[in-house]
Amino acid sequence: QFLYFIGRVMSTEKRDRIAAIEKRAQERWAAEKPFEADPSAGKEKVFVTAPSPNVTGPLHLAHAFTLSKAEFAVRYWRMKGRVALFPFGFHASGTT
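Presented here is an overview of the structure given in this document.

A few words on the packing of aromatic side chains. Within the structure shown, the criterion is met by 1 aromatic pair. Here Tyr 76 and Trp 77 contribute two aromatic rings whose centre-to-centre distance is 5.1 Å and whose plane-to-plane angle is 75°, an arrangement assigned as edge-to-face. Accessibility expressed as a relative area gives 28% for Trp 77, which makes it partly exposed.

Next up, the structure:
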């Protein structure tokens, strides 16, 4: 319903620009594989989790803040040479 609402509110030009940006991002992600971690790389492994947004309430700034901190931690550990994985959509308890 939300995407339907956004589609009706946005102009066609704006939707096309967003689609083009998303396409470039998807291509870059496919090439760079930032959401994959090679467990056989022989490096120390780091697994970062954060609770996914609660579906019973509206999204707000705290959700972005929480996920940004987790992404920052993954980038930090990767820069330190470790194999780091942040599987978005997994709760801190490891459930989906």
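For the structure on display, the rule yields 4 salt bridges. A salt bridge links Arg 82 to Glu 44; the shortest N-O distance between them is 3.0 Å. Placement of the pair is Arg 82 in the loop between helix 3 (61-79) and strand 2 (83-85) and Glu 44 in the loop between helix 2 (12-32) and strand 1 (45-47), with a sequence separation of 38 residues. Among the salt bridges present, the one from Glu 71 reaches Arg 75, with a minimum N-O distance of 2.6 Å. Taken together, the residues span about one helical turn, with Glu 71 and Arg 75 both in helix 3 at a distance of 4 residues.

Another point: helix 2. In this model helix 2 runs 30 Å from its N-terminal to its C-terminal C-alpha over 21 residues, within 8% of the 30 Å that 1.5 Å per residue would give. A positive phi of about 50° marks Lys 33, the residue just after helix 2.

Cut-off values and rules
- Within every chain, residues take consecutive numbers counted from 1 along the sequence as written.
- At least 70 in pLDDT is required for a residue's local features to be given in this predicted model, at least 80 for side-chain atom pairs to be given and counted, and no such filter applies to totals for whole chains, interfaces and linings, which use all residues.
- As a convention, hydrogens and water are excluded, and side-chain values are obtained from all of the structure's heavy atoms.
- Between the rings of Phe, Tyr and Trp (Trp by its six-membered ring), a pair exists once the centres lie within 6.5 Å; its type follows the angle of the planes, with under 30 degrees stacked, over 60 edge-to-face, and the other angles tilted.
- Think of it in three bands: residues with accessible area under 20% of the maximum for their type are buried, residues over 50% are exposed, and the middle band is partly exposed, with areas taken using a 1.4 Å probe on protein chains only.
- Every case where a carboxyl oxygen of Asp or Glu lies within 4 Å of a side-chain nitrogen of Lys or Arg is listed as a salt bridge.
- Secondary structure is summarised from DSSP: a helix means a run of H or I of at least four residues, a strand means a run of E of at least two, and numbering begins at the N terminus for each.
- For a helix, the expected span equals 1.5 Å multiplied by the number of residues minus one.

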